Amino acid sequence: DPKIIQKPKYLVAVTGSEKILICEQYLGHNAMYWYRQSAKKPLEFMFSYSYQKLMDNQTASSRFQPQSSKKNHLDLQITALKPDDSATYFCASSPRKISNERLFFGHGTKLSVL
Amino acid sequence: GEQVEQRPPHLSVREGDSAFITCTYTDPNSYYFFWYKQEPGASLQLLMKVFSSTEINEGQGFTVLLNKKDKRLSLNLTAAHPGDSAAYFCAVSQNYGGSGNKLIFGTGTLLSVKP
(Lines give C-alpha, C1' and ligand atoms only; values in the text may rest on other atoms or scores of the structure.)
Protein backbone atom coordinates (compact mmCIF):
# COMPACT_ATOMS: atom_id res chain seq x y z
CA ASP A 1 0.00 0.00 0.00
CA PRO A 2 1.98 2.98 -1.22
CA LYS A 3 2.08 5.96 1.09
CA ILE A 4 3.39 8.33 -1.55
CA ILE A 5 1.22 8.31 -4.64
CA GLN A 6 2.47 9.67 -7.92
CA LYS A 7 0.24 10.02 -10.94
CA PRO A 8 0.46 9.10 -13.68
CA LYS A 9 3.02 6.32 -13.68
CA TYR A 10 3.81 6.86 -17.37
CA LEU A 11 3.30 10.02 -19.39
CA VAL A 12 3.94 10.73 -23.05
CA ALA A 13 3.89 14.33 -24.23
CA VAL A 14 4.69 16.24 -27.39
CA THR A 15 7.30 18.97 -27.54
CA GLY A 16 5.91 22.33 -26.51
CA SER A 17 3.02 20.98 -24.46
CA GLU A 18 2.38 21.31 -20.74
CA LYS A 19 1.92 18.56 -18.18
CA ILE A 20 1.29 18.29 -14.46
CA LEU A 21 2.80 15.52 -12.37
CA ILE A 22 0.80 14.70 -9.25
CA CYS A 23 2.20 13.75 -5.85
CA GLU A 24 0.31 13.03 -2.64
CA GLN A 25 1.81 11.66 0.55
CA TYR A 26 -0.08 10.01 3.39
CA LEU A 27 2.75 9.79 5.86
CA GLY A 28 1.90 12.97 7.70
CA HIS A 29 5.21 14.51 6.64
CA ASN A 30 5.88 18.23 6.62
CA ALA A 31 8.57 18.32 3.95
CA MET A 32 8.24 17.28 0.32
CA TYR A 33 10.66 17.17 -2.58
CA TRP A 34 11.03 16.56 -6.28
CA TYR A 35 13.96 14.69 -7.82
CA ARG A 36 14.65 13.85 -11.44
CA GLN A 37 16.39 10.75 -12.78
CA SER A 38 17.43 10.75 -16.42
CA ALA A 39 19.54 8.39 -18.47
CA LYS A 40 22.37 10.89 -18.68
CA LYS A 41 22.55 12.13 -15.10
CA PRO A 42 22.25 10.78 -11.57
CA LEU A 43 19.24 11.54 -9.42
CA GLU A 44 19.07 15.30 -9.25
CA PHE A 45 17.48 17.40 -6.55
CA MET A 46 14.94 19.85 -7.97
CA PHE A 47 12.83 21.41 -5.19
CA SER A 48 12.13 21.20 -1.50
CA TYR A 49 9.06 22.39 0.33
CA SER A 50 8.48 22.66 4.03
CA TYR A 51 5.00 23.40 5.41
CA GLN A 52 3.90 24.27 1.86
CA LYS A 53 6.62 26.86 1.42
CA LEU A 54 9.36 26.63 -1.18
CA MET A 55 12.67 26.23 0.64
CA ASP A 56 15.14 25.35 -2.06
CA ASN A 57 15.07 25.49 -5.85
CA GLN A 58 17.89 23.89 -7.81
CA THR A 59 16.10 23.94 -11.15
CA ALA A 60 17.51 26.51 -13.54
CA SER A 61 14.45 26.68 -15.74
CA SER A 62 11.24 28.49 -14.77
CA ARG A 63 9.40 25.96 -16.94
CA PHE A 64 9.32 23.76 -13.85
CA GLN A 65 6.87 25.04 -11.24
CA PRO A 66 5.92 23.12 -8.09
CA GLN A 67 2.43 23.64 -6.73
CA SER A 68 1.30 22.84 -3.22
CA SER A 69 -2.46 23.14 -2.79
CA LYS A 70 -2.48 21.11 0.43
CA LYS A 71 0.10 20.18 3.00
CA ASN A 72 0.36 16.62 1.68
CA HIS A 73 0.37 17.58 -2.02
CA LEU A 74 3.25 18.73 -4.15
CA ASP A 75 2.52 18.71 -7.86
CA LEU A 76 5.01 19.62 -10.56
CA GLN A 77 3.89 21.65 -13.56
CA ILE A 78 6.18 21.54 -16.59
CA THR A 79 5.52 23.93 -19.47
CA ALA A 80 6.94 24.14 -22.99
CA LEU A 81 8.17 20.56 -22.76
CA LYS A 82 11.39 19.57 -24.49
CA PRO A 83 12.78 16.12 -25.34
CA ASP A 84 15.55 16.71 -22.78
CA ASP A 85 12.87 16.81 -20.09
CA SER A 86 12.37 13.08 -20.62
CA ALA A 87 13.15 11.44 -17.31
CA THR A 88 11.60 9.75 -14.33
CA TYR A 89 10.44 12.28 -11.78
CA PHE A 90 10.40 11.17 -8.17
CA CYS A 91 8.46 12.81 -5.41
CA ALA A 92 9.76 12.31 -1.87
CA SER A 93 8.90 13.36 1.66
CA SER A 94 10.36 13.46 5.14
CA PRO A 95 8.94 14.26 8.56
CA ARG A 96 10.93 17.48 8.69
CA LYS A 97 13.37 19.27 6.47
CA ILE A 98 16.59 18.57 8.28
CA SER A 99 19.78 16.95 7.11
CA ASN A 100 19.75 13.69 9.00
CA GLU A 101 16.31 12.45 8.10
CA ARG A 102 15.75 9.79 5.50
CA LEU A 103 13.58 10.48 2.51
CA PHE A 104 10.64 8.33 1.49
CA PHE A 105 10.23 8.12 -2.28
CA GLY A 106 7.26 7.58 -4.52
CA HIS A 107 7.38 5.16 -7.46
CA GLY A 108 8.03 7.92 -9.94
CA THR A 109 6.42 9.28 -13.08
CA LYS A 110 8.24 8.34 -16.24
CA LEU A 111 7.90 11.20 -18.71
CA SER A 112 8.72 10.82 -22.38
CA VAL A 113 8.70 13.92 -24.55
CA LEU A 114 8.49 13.28 -28.28
CA GLY B 1 29.24 22.14 -5.00
CA GLU B 2 29.40 18.60 -3.78
CA GLN B 3 30.20 15.91 -6.33
CA VAL B 4 29.67 12.23 -5.67
CA GLU B 5 31.35 9.61 -7.79
CA GLN B 6 30.12 6.03 -7.58
CA ARG B 7 31.89 2.93 -8.87
CA PRO B 8 31.36 0.58 -10.56
CA PRO B 9 28.42 1.52 -12.78
CA HIS B 10 27.65 -2.13 -13.44
CA LEU B 11 28.49 -5.17 -11.34
CA SER B 12 27.74 -8.81 -11.99
CA VAL B 13 28.43 -11.46 -9.35
CA ARG B 14 27.46 -15.05 -8.70
CA GLU B 15 25.15 -16.02 -5.87
CA GLY B 16 27.11 -16.28 -2.63
CA ASP B 17 29.84 -13.86 -3.75
CA SER B 18 30.41 -10.41 -2.28
CA ALA B 19 29.51 -7.24 -4.13
CA PHE B 20 31.45 -4.09 -3.29
CA ILE B 21 30.35 -0.58 -4.25
CA THR B 22 32.20 2.63 -3.45
CA CYS B 23 31.36 6.31 -3.46
CA THR B 24 33.76 9.18 -3.08
CA TYR B 25 32.68 12.73 -2.36
CA THR B 26 34.40 16.10 -2.38
CA ASP B 27 32.79 18.41 0.18
CA PRO B 28 34.23 18.03 3.72
CA ASN B 29 30.99 19.55 5.06
CA SER B 30 29.06 16.47 3.99
CA TYR B 31 27.76 14.97 7.15
CA TYR B 32 25.06 12.39 6.58
CA PHE B 33 25.33 9.48 4.20
CA PHE B 34 22.75 7.12 2.84
CA TRP B 35 22.50 3.99 0.73
CA TYR B 36 19.34 3.41 -1.26
CA LYS B 37 18.23 0.37 -3.22
CA GLN B 38 15.99 0.62 -6.28
CA GLU B 39 14.47 -2.55 -7.67
CA PRO B 40 13.24 -2.49 -11.28
CA GLY B 41 10.14 -0.35 -11.63
CA ALA B 42 10.09 0.46 -7.93
CA SER B 43 10.89 3.45 -5.75
CA LEU B 44 14.08 3.97 -3.80
CA GLN B 45 14.21 2.21 -0.47
CA LEU B 46 16.61 3.19 2.28
CA LEU B 47 19.18 0.54 3.20
CA MET B 48 21.13 2.47 5.80
CA LYS B 49 21.98 5.92 7.07
CA VAL B 50 25.38 6.59 8.61
CA PHE B 51 27.23 9.62 9.91
CA SER B 52 30.02 8.33 12.14
CA SER B 53 33.39 8.12 10.53
CA THR B 54 35.27 4.86 10.04
CA GLU B 55 32.41 2.95 11.54
CA ILE B 56 31.29 -0.33 10.17
CA ASN B 57 27.54 -0.51 10.14
CA GLU B 58 25.98 -3.88 9.67
CA GLY B 59 22.61 -4.50 8.12
CA GLN B 60 20.87 -7.62 6.93
CA GLY B 61 23.37 -9.17 4.56
CA PHE B 62 25.48 -6.05 4.07
CA THR B 63 27.96 -3.74 5.74
CA VAL B 64 28.55 -0.03 5.24
CA LEU B 65 31.84 1.68 5.90
CA LEU B 66 32.29 5.44 6.08
CA ASN B 67 35.77 6.91 5.99
CA LYS B 68 35.53 10.70 6.35
CA LYS B 69 39.29 11.14 6.18
CA ASP B 70 39.33 9.66 2.69
CA LYS B 71 35.82 10.97 1.87
CA ARG B 72 34.74 7.48 0.95
CA LEU B 73 31.55 5.54 1.55
CA SER B 74 31.24 1.89 0.70
CA LEU B 75 28.61 -0.81 0.63
CA ASN B 76 29.55 -4.47 0.79
CA LEU B 77 26.86 -7.04 0.09
CA THR B 78 28.06 -10.24 1.67
CA ALA B 79 26.87 -13.54 0.19
CA ALA B 80 24.73 -11.84 -2.44
CA HIS B 81 21.59 -13.59 -3.67
CA PRO B 82 19.42 -12.97 -6.76
CA GLY B 83 17.00 -10.85 -4.71
CA ASP B 84 19.80 -8.33 -4.27
CA SER B 85 19.74 -7.58 -7.99
CA ALA B 86 18.86 -3.89 -8.21
CA ALA B 87 20.31 -0.43 -8.64
CA TYR B 88 22.14 0.94 -5.61
CA PHE B 89 22.66 4.61 -4.96
CA CYS B 90 24.73 6.40 -2.39
CA ALA B 91 23.57 9.85 -1.29
CA VAL B 92 25.20 12.62 0.68
CA SER B 93 23.60 15.35 2.73
CA GLN B 94 25.31 18.42 4.10
CA ASN B 95 24.86 19.76 7.57
CA TYR B 96 23.54 23.16 6.62
CA GLY B 97 20.41 23.93 8.56
CA GLY B 98 18.64 25.72 5.76
CA SER B 99 19.59 23.22 3.12
CA GLY B 100 18.83 20.05 4.93
CA ASN B 101 17.81 17.01 2.93
CA LYS B 102 19.14 18.26 -0.37
CA LEU B 103 20.60 14.89 -1.12
CA ILE B 104 23.37 14.62 -3.69
CA PHE B 105 23.20 11.19 -5.28
CA GLY B 106 25.88 9.04 -6.81
CA THR B 107 25.46 7.84 -10.37
CA GLY B 108 24.28 4.42 -9.27
CA THR B 109 25.47 0.83 -9.57
CA LEU B 110 23.38 -1.73 -11.40
CA LEU B 111 23.98 -5.04 -9.61
CA SER B 112 23.13 -8.38 -11.15
CA VAL B 113 23.38 -11.51 -9.02
CA LYS B 114 23.30 -14.72 -11.02
CA PRO B 115 22.31 -18.09 -9.56
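This text goes with the structure placed above it.
Visitor: Hey, could you run me through the packing of aromatic side chains in this one?
Guide: The description of an aromatic ring pair uses the distance of the two centres, along with the angle that the planes make with each other. Under the counting rule described, the total for this entry stands at 11 aromatic pairs over all chains. Look at Y35 of chain A and F105 of chain B: their rings are 5.6 Å apart centre to centre, the planes differ by 85°, and that puts the pair in the edge-to-face class. Here Y35 of chain A, found in strand β4 (residues 31-37), pairs with F105 of chain B, found in strand β10 (residues 104-105), and the two come from separate chains. F105 of chain B matches Y35 of chain A in its accessibility class, with the two residues each being buried. Of the aromatic side chains, those joined through ring pairs into one cluster are Y35, F45, F90 and F105 of chain A together with F34, Y36, F89 and F105 of chain B.

Visitor: Looking at this structure, I do not really get the pattern of salt bridges. What am I missing?
Guide: Side chains that differ in charge, positive against negative, can pair when their charged atoms come close. All chains considered together, the criterion is met by four salt bridges over all chains. R36 of chain A is the salt-bridge partner of E44 of chain A, the closest N and O atoms lying 3.5 Å from each other. Since its relative accessible area comes to 24%, E44 of chain A is described here as partly exposed. Residue class for R36 of chain A comes out buried when judged on its relative accessible area of 16%. Note that E39 of chain B is salt-bridged to K37 of chain B, the shortest N-O span being 3.4 Å. When its relative accessible area of 38% is taken as the criterion, E39 of chain B is described as partly exposed. A relative accessible area of 14% means that K37 of chain B is categorised as buried.

Visitor: Got a minute to help me understand the side chain of R36 of chain A in this structure?
Guide: Tracing the backbone through its elements, the reader meets R36 of chain A in strand β4. Once residues lying within four places of it in the same chain are set aside, the contact partners of R36 of chain A are P42, L43, E44, M46, F64, A87, T88 and Y89 of chain A.

Visitor: Mind showing me how you'd approach the sheet that holds strand β3 (residues 19-25) of chain A here?
Guide: The pairing of strands in a sheet comes from backbone hydrogen bonds and takes either a parallel or an antiparallel form. All names here are of chain A. The four strands are arranged β1-β3-β8-β7 in an open sheet whose pairing can be described as antiparallel. Edge positions in the sheet fall to β1 (4-7) and β7 (64-67), since each of these pairs with one other strand and no more. For this sheet, the mean inter-axis angle between neighbouring strands, taken without regard to orientation, is 15°. In this structure, β7 lies alongside strand β8 (residues 75-78), joined through four bridges in antiparallel fashion. Within β8, the residue paired with F64 across the bridge is I78.

Visitor: What is the right way to read the pairing of strand β9 (residues 87-94) of chain A from this model?
Guide: Residue and element names in this part refer to chain A. The buried count for β9 comes to eight of eight residues, which makes it a mostly enclosed element. As judged from the seven bridges shared by β4 and β9, these two strands associate in the antiparallel manner. Among the inter-strand pairings, Y35 is bridged to a residue of β9, identified as F90. Examined bridge by bridge, β9 and strand β11 (residues 109-113) share three bridges and lie antiparallel to one another. Each bridged residue has a counterpart across the sheet, and for Y89 the counterpart in β11 is T109. Where β9 and strand β10 (residues 104-105) come together, two bridges link them in antiparallel fashion. By the bridge assignment for β10, S93 is matched with F104.

About the thresholds
- As a convention, each chain's residues are numbered from 1 in the sequence order in which they are written.
- Labels follow written order: the first chain is A, the first ligand is 1, and so on.
- Local features are withheld for residues below a pLDDT of 70 in this predicted model, meaning they are given only at 70 or higher, and side-chain atom pairs are given and counted only at 80 or more; totals for whole chains, interfaces and linings count all residues.
- Hydrogens and water are ignored here; the side-chain numbers use all heavy atoms of the structure.
- For this analysis, a ring pair means two rings from Phe, Tyr or Trp (six-membered ring only for Trp) whose centres lie within 6.5 Å, classed as stacked if their planes differ by under 30 degrees, edge-to-face if by over 60, and tilted for the remaining angles.
- Going along the chain from the N terminus, every DSSP run of H or I of four or more residues is numbered as a helix, and every run of E of two or more is numbered as a strand.
- Relative accessibility decides the category of a residue: with a 1.4 Å probe and only protein chains considered, values under 20% of the type maximum give buried, values over 50% give exposed, and everything between is partly exposed.
- Any Lys or Arg side-chain nitrogen located within 4 Å of an Asp or Glu carboxyl oxygen qualifies as a salt bridge.
- Should any heavy atoms of two residues lie within 4.5 Å, those residues are counted as being in contact.
- Strand pairing is assigned whenever DSSP detects at least two bridges linking the two strands.
- Only the contacting stretch of a helix is used when fitting its axis, a line to C-alpha atoms as for every element, and angles between N-to-C directions run 0 to 180 degrees.

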